[in-house]
Amino acid sequence: MSNSELEPEAEPKLKAEENSDSIVVVDPDDYQKTQKLKAINEAKKEYRRYKRQKTEILQKLEENWRNHQEAYEAERAMRLAEYGTELMPLIEEGLEKGALTEEDMKCSLGDGFREVDIRKVVRNGGWIFKDGETEPIPTLNSDEVYRQLERIERKLGLGLELETDKGPAEI
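Rules behind the numbers
Each chain carries its own residue numbering, running from 1 in the written order of its sequence. Side-chain atom pairs in this predicted model are given and counted only at pLDDT of 80 or more, local residue features only at pLDDT of at least 70, and totals for whole chains, interfaces and linings cover all residues. Side-chain measures here rest on the full set of heavy atoms in the structure, leaving out hydrogens and waters. Only runs of H or I of at least four residues qualify as helices and only runs of E of at least two qualify as strands under DSSP, and these elements are numbered from the N terminus. The cut-offs for exposure are 20% and 50% of the maximum accessible area for each residue type, with area from a 1.4 Å probe on protein chains only; residues under the lower value are buried, those over the upper are exposed, and the others partly exposed. A 3.5 Å cut-off defines polar contacts: any pair of N or O atoms within that distance qualifies, except that in protein one atom must be a possible hydrogen donor and the other a possible acceptor, and neighbouring residues in sequence count only when both atoms are side-chain atoms. The contact definition used throughout considers only heavy atoms, calling two residues in contact when any of these lie within 4.5 Å. Structural elements are reduced to axes, namely lines fitted to C-alpha atoms, with helices fitted over the stretch in contact, and the angle between N-to-C directions of any two is expressed from 0 to 180 degrees. Between 65 and 115 degrees an angle is taken as roughly perpendicular, under 35 as roughly parallel, over 145 as roughly antiparallel, and anywhere else as oblique. For any pair of crossing helices, the crossing counts as left-handed if the nearer helix is rotated counterclockwise from the farther one by less than a right angle, and right-handed if it is rotated clockwise. Strand pairing is defined by DSSP finding a minimum of two bridges between the two strands. Stacked, tilted and edge-to-face are the three classes assigned to paired rings of Phe, Tyr and Trp, where Trp is represented by its six-membered ring and a pair needs centres within 6.5 Å; plane angles under 30 degrees give stacked, over 60 edge-to-face, the rest tilted.

Peer 1: Honestly, the side chain of Arg79 in this entry has me stumped. Any pointers?
Peer 2: Along the chain, Arg79 turns up in helix 3 (residues 68-97). With relative accessibility at 14%, the residue Arg79 sits in the buried group. There is a polar contact of 2.5 Å between the side chain of Arg79 and the side chain of Glu46. If we ignore the near neighbours within four places in the chain, the residues touching Arg79 are Ala43, Glu46, Tyr47, Arg49 and Tyr50.

Peer 1: Even after reading the chapter, I still don't get the packing of helix 1 (residues 28-52) against helix 3, so can you show me in this structure?
Peer 2: Pairs of packed helices are described in terms of their axes, by the angle between the two and the distance that separates them. Interaxial distance between helix 1 and helix 3 falls to 9 Å at its minimum, and their mutual angle equals 160°. Considering the angle they form, helix 1 stands roughly antiparallel to helix 3. Crossing of helix 1 over helix 3 shows left-handed handedness. Contact residues: helix 1 offers Lys36, Ala39, Ile40, Ala43, Lys44, Glu46, Tyr47, Arg49, Tyr50 and Lys51, while helix 3 offers Tyr72, Glu75, Arg76, Arg79, Leu80, Glu82, Tyr83, Glu86, Leu87, Pro89 and Leu90.

Peer 1: Before we go on, may I ask you to explain the pairing of strand 5 (residues 127-130) in this structure?
Peer 2: Each regular strand shows side chains that alternate between the opposite faces of the sheet. Across four bridges, strand 5 lies against strand 6 (residues 133-136) in antiparallel orientation. Bridging from a neighbouring strand, Trp127 pairs with Pro136 of strand 6. Two successive antiparallel strands, strand 5 and strand 6, enclose a turn made up of two residues, where Asp131 displays a positive phi of approximately 55°.

Peer 1: I'm lost on the packing of aromatic side chains in this one. Help?
Peer 2: Any aromatic ring pair is given by two values, namely how distant the centres are and how the planes are angled relative to each other. Going through the model one piece at a time under the given rule, you end up with three aromatic pairs. With a centroid separation of 5.2 Å and 25° between ring planes, the pair formed by Tyr47 and Tyr146 is classed as stacked. In this pair, Tyr47 sits in helix 1 while Tyr146 sits in helix 5 (residues 139-155), placing the two residues 99 residues apart along the sequence. Note on Tyr50 and Tyr72: the rings are 5.1 Å apart at their centroids and 10° apart in plane angle, and the pair reads as stacked. In this pair, Tyr50 is assigned in helix 1 and Tyr72 in helix 3, connecting sequence segments 22 residues apart. Of the two residues examined, Tyr50 and Tyr72, each falls in the buried class. The structure contains a cluster of three or more aromatic residues connected by ring pairs, namely Tyr47, Tyr83 and Tyr146.

Set out below in structure tokens:
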């Protein structure tokens, strides 16, 4: 088969002219999905970064806040809610299409708390009601909400999936 008989390659999704600063998106739906996934992952990464750097952040907050631990928890709760907010349109779509159930929206926070609905935690900016008052979701309990959001991501087909070992890749 000669080069002239080869089938033409599929049309690329993104085109850029060599001497141009413009990029044309051929498939806007793919672009929007990619942007949404990036936003979800950025919010998730920011929450994890904030938790990982807790000591340094508390030291900085101590300079300007009387109750630096409370300020940290409020900020951390807000970052958790941002992750949930980015995921929320996909959660709502998953509920509509039957990929998720109302049971998936529930999260147990442990001692002293009743079961909470993930959507309320997100809508309230990471704040919960306890003993008739609102407070940022405590650090230990925020991990439960984070893990539930990750489980939801996986159910929607967005998270990592572990597969059985299929042996070495063949090329």
